[in-house]
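Listed here are the chains, written in short residue letters.
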Amino acid sequence: MAPATQPRKFAGMSGAAAITALCVVAAAAALPLLLSTYQVELATEILIFGLLAMSIDILAGFAGLTSLGHGAIFGVSSYVVVYANAQWGLPPLAGVALGVAAATMVAGLFGLLAVRTSGVYFLLLTLALGMIVWGICLRWTAVTGGENGLRGDVRPAWMASHRAFYWAVLAAASLASYAMWRLVRSPFGMSLRGIRDSDSRMRSLGYNVPLHLLIGFTLSGLFAGFAGALYAMYNNFVSPSTVALAQSVEGVLMMIAGGVGTLFGGFVGAAAIIALENVVSAYTERWPMVLGGCFILIMILAPEGIIGKLRAVLARRLA
Amino acid sequence: MNGRKLDRRQFLKTSSAALAAAGTGFAPRSRAFAQTGPIKVGLLAPLTGVVASGGKEMVEGVQFYLDQIKSEIAGRKVELVIEDDASNPDTALQKARRLVEQGNCHFLIGNLLANTGLAVANYVKGTGTPYFIPIIAADDLTQRQRIKNVIRVAGYTASEFTHPLGDWALKQGFRKIATISQDYTFGHEQCGGLAQVFTEGGGEIVQQFWHPLNTADFSPYLGQLADLKLDAIFAMETGADSTRFIQQYASFGLKANTPLLAAMNGTDQSVIRTLGEECDGIISPAHFAEGSDNPVTQTFVGDYQAKYGKIPSLYGFSMYSGIMWVAQALEKIGGRVEDRDALIDTVLKTELTGSPLGKTVKLDAYGNPIYDVYIRKVVKRPDGKYLNVPMTSYPNVSQFWSYDPETYMKQPPYSRSFQGIKKA
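Cut-off values and rules
- Residues numbered from 1 in each chain as written.
- Chains lettered and ligands numbered in written order.
- Predicted model: local features only at pLDDT ≥ 70, side-chain atom pairs only at ≥ 80, totals over all residues.
- Helix = DSSP H or I, 4+ residues; strand = E, 2+ residues; numbered from the N terminus.
- Rg over C-alpha atoms; globule rule 2.2 N^0.38 Å.
- Buried ≥ 20, exposed ≤ 12 C-beta atoms within 10 Å, placed from the backbone.
- Contact = placed C-beta atoms within 7 Å.
- Pairing = 2+ DSSP bridges.
- Axes fitted to C-alpha atoms, helices over the stretch in contact; angles between N-to-C directions.
- Nonpolar A, V, L, I, M, F, W, Y, C, P; charged D, E, K, R; others polar.
- Left-handed = near helix turned anticlockwise from the far one by under 90°.
- Domains from an automatic or database assignment.

**Structural notes on the overall build of chain A**
The helix and strand tally for chain A stands at 15 helices and 4 strands. What you see for chain A is a C-alpha radius of gyration of 19 Å, in line with the 20 Å of a compact globule of 319 residues. The 319 residues of chain A split such that 48% are buried. Put simply, of all contacts in chain A between residues at least 6 apart along the chain, 77% involve residues at least 24 apart.

**A closer look at the sheet that holds strand E6 (residues 150-151) of chain B**
Residue and element names in this part refer to chain B. If you trace the 6 strands from one edge of the open sheet to the other, you get E2-E3-E1-E4-E5-E6, paired in mixed fashion. The open sheet has two free edges, formed respectively by strand E2 (72-73) and E6, since each of these has just one partner strand. Pairing of E2 with strand E3 (residues 76-84), which is carried by 2 bridges, proceeds in the antiparallel orientation. Pairing of Glu72 across the sheet is with Lys77, part of E3. Its contacts with the sheet place helix H3 (residues 52-68) against strand E1 (39-45), E3 and strand E4 (107-110), and it is angled at close to 155 degrees to E1.

**Details of unusual backbone geometry**
Of note, Ala74(B) is a non-glycine position whose phi angle comes to about 50 degrees, a positive value. Mapped onto the secondary structure, Ala74(B) falls in the loop between E2 and E3.

**So, the interface of chain A and chain B**
For an interface, size is often stated in terms of accessible area lost upon the parts coming together. Contacts between the two partners involve 23 residues from chain A, matched on the other side by 27 residues from chain B. Looking at the side of chain A that touches chain B, the elements that each hand over two or more residues are helix H2 (37-62) and helix H11 (240-243) of chain A. Among the elements that take part in the side of chain A that touches chain B, H2(A) stands out by supplying 4 residues, more than any other. Looking at the side of chain A that touches chain B residue by residue, the classes come out as 6 nonpolar, 13 polar and 4 charged.

**So, the environment of Glu72(B)**
All names here are of chain B. For Glu72, the location among the structural elements is in strand E2. As a C-alpha pair, Glu72 and Ile39 span 33 residues in sequence and 8.7 Å in three-dimensional space. Here Glu72 is in contact with Lys77 and Val78, once residues within four sequence places are set aside.

**Concerning the packing of helix H4 (residues 92-114) of chain A against helix H5 (residues 119-139) of chain A**
Residues and elements named next belong to chain A. In contact at an axis separation of 10 Å, H4 and H5 are set at 140 degrees when each is read in the N-to-C sense. With respect to the hand of their crossing, H4 and H5 are arranged in right-handed fashion. Between H4 and H5, the residues in contact are Phe110, Leu113 and Ala114 and Phe122, Leu125, Thr126 and Leu129, respectively. Grouping the constituent residues of the contact of H4 with H5 by class yields 6 nonpolar, 1 polar and no charged.

**Examining the environment of Arg163(A)**
All names here are of chain A. Tracing the backbone shows Arg163 in helix H7 (residues 162-185). Arg163 gets classed as partly exposed once you count the C-beta atoms within 10 Å, which come to 15. Each C-alpha atom of the pair Arg163 and Gly61 lies 32 Å from the other, and the pair is 102 residues apart in sequence. When sequence neighbours within four positions are dropped, the list of residues in contact with Arg163 reads Pro32 and Val40.

**Notes on the domain arrangement of chain B**
All names here are of chain B. When its domains are assigned, chain B resolves into domain 1 (2-157 + 313-355) and domain 2 (162-292 + 372-410). On a C-alpha basis, the centres of domain 1 and domain 2 stand 31 Å from each other. Counting residues at the interface gives 17 residues for domain 1 and 13 residues for domain 2. Where the side of domain 1 that touches domain 2 is concerned, the elements lending two or more residues are H3 and helix H12 (314-332). Per-class residue counts for the side of domain 1 that touches domain 2 are 8 nonpolar, 6 polar and 3 charged.

**Some remarks on helix H6 (residues 162-171) of chain B**
Residue and element names in this part refer to chain B. With 8 of its 10 residues buried, H6 lies for the most part within the structure. Listed in full, the buried residues belonging to H6 are Thr162, His163, Pro164, Leu165, Gly166, Asp167, Trp168 and Ala169. Phi turns positive, to about 90 degrees, at Gly173, one or two residues after H6.

**With respect to the pairing of strand E13 (residues 369-380) of chain B**
All names here are of chain B. Pairing of strand E11 (residues 283-286) with E13 involves 4 bridges; the strand directions are antiparallel. When the bridges of E13 are listed, Pro285 appears paired with Ile375. Bridge count between strand E12 (residues 362-363) and E13: 2 bridges; the pairing is antiparallel. Note that in E13 the partner of Lys362 across the bridge is Ile370. Linking E12 to E13, which pair antiparallel, is a turn of 5 residues; within it Gly367 sits at a positive phi near 80 degrees. Of the strand pairs in this sheet, E13 and strand E14 (residues 386-397) are connected by 9 bridges, and their pairing is antiparallel. Bridge pairing in E14 places Val378 opposite Asn388. The turn linking E13 back onto E14 is made up of 5 residues, and Gly384 within it adopts a positive phi angle of 95 degrees.

**Some thoughts on the pairing of E1(B)**
Residue and element names in this part refer to chain B. Burial analysis of E1 places 7 of its 7 residues in the buried class, the great majority of the element. Judged from the 7 bridges that link them, E1 and E3 form a sheet pairing that is parallel. Opposite Val41, over in E3, you have Leu80 as the bridge partner.

Shown next as structure tokens:
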């Protein structure tokens, strides 16, 4: 939090934070000039999955609820975007709006059922809800194309090149992460933190805890859906593996690797995992094993995640 | 196997070093150099995940052929880059991107599961990269949703062989058949092919059972099948499901009373290799029969067995013949693999000779091969191994059977709800 003496703020950020944010975005925007097309595509994927990880972090880091259903919410949006494009021929932006709306609705529904539980029950309930979505996508062949999935031409022509699409996703991701950042620092975000730390105290202070959590869940689903819509544009294709449990788990792992409650750790975690996947899989078919080993190491050496660890180290140096 | 891994690692090491050294981002320049460089082949195969064993045989098939031609086509070296699609469409898509954009592969070949193939096909539609699919059987890729640069060299559509099987069943005097199949598109399409021809010829599909992939216990289905008083049963199973179905079919005593017709993948070597007499006598339709007495087929089977210690499966055979097809087309255009349009046109026009089928094969106007289809029977060889041996054959069968392509493609694709069954 900015010290009280700080006279000026830019869009809610202290001067130093605003400059850092600008530098990071500028550096990210310059990346395509240095990278090969394939690497630009990977960077795009990192941004998209970073958003998913951040959306999970809104709940996990600030409300203390880890969801294993966000991959499904993400995928619902992808499905709706591709379906709207392939079956109804809607323009991409309308498709994205529809996809995000659908994901938000699904998240609201999940939230209604899940927010009254916590801890491992919340985990299992969101997992089960996600599995239902996966089952529907797999079996409702007439609409979802079954295990073959749906194909479309979602990406608009002006975004066809790798760089143009990357910049578009970067702009979208910057806006969305700024919105998420504002959300967790708003009075609403503060009350989520209060609930995380002690829901009984918040209750006795007169806060409507389930309503706060429901709104938190729905908003987090909205952002997951936004990431899913971008993913639909990225792949022009969606299949049940996009809504599968593995997708939710990957999102959670990215968030944990980056650092729970750090929000922007999502991008770092996504970058670490996607880069690792791609580098290691070039050398061995057993890359999931290497990935597993890395997670174990992160859990032992830096349970607070990469960003969390960096912050702790920096704080110690400065102190 | 070891040689392959070393080669691939070496390639990736050198290529990533080169990329790093070049400061990256200069893909177009390196492409210009490639005119005289090696022909780069991107092979996508599921080396992990549910169908990994099939994926390994796909790689063997390609390598077996490349070894025979000493990795050289029209005087140019062939460089094979293998990527694992993990039996997952999202991964397949990412790996296809890597092969095309980072590996600068001239064409892609492979994939096993229909969903991985459809994902990659949708991607190459945008890039124009030639993509060859000797295993992917999804009907519509060479029918209603054809993409010009996606060609099914040495492959087949799911319903291509079950059409003649339906006709053969009628000729045996069968009138009542039930089908049991894995509940996904590949199964829907194979059953649909049989059901349409069989019912149009006066047969009756008494009932159709769809079960989830990886069904451990078939007893609920077998119990019902036993009660239906059928002339024959058609089973569309792959992999471990097929093994279990054939075993349980025999142990429930159905084998003694009702003939079993199977999809070609159901009695593929990858399945019956591990089975004993319970697979004896099962009928299936296919273009390839490892037990054929054709001398070319015999040589292929013998050489393959000598090298890999097993009788080749559909996967090994199809990838071997598929890469051979592309190689023959490349020989014709002097190895100019960079000229994509010429490559695609030449492949479409090339008639494959010298394949293990022992006869010439050509493609129809939609990029799908026309075969002589065998009706095969599983027979025990003197050394105790089981083989698919041809009993009779249907010459020149296309993916449209006897139907007019235009009319045929006006009917919906086969699905769980549309099986082409003619109402009596």
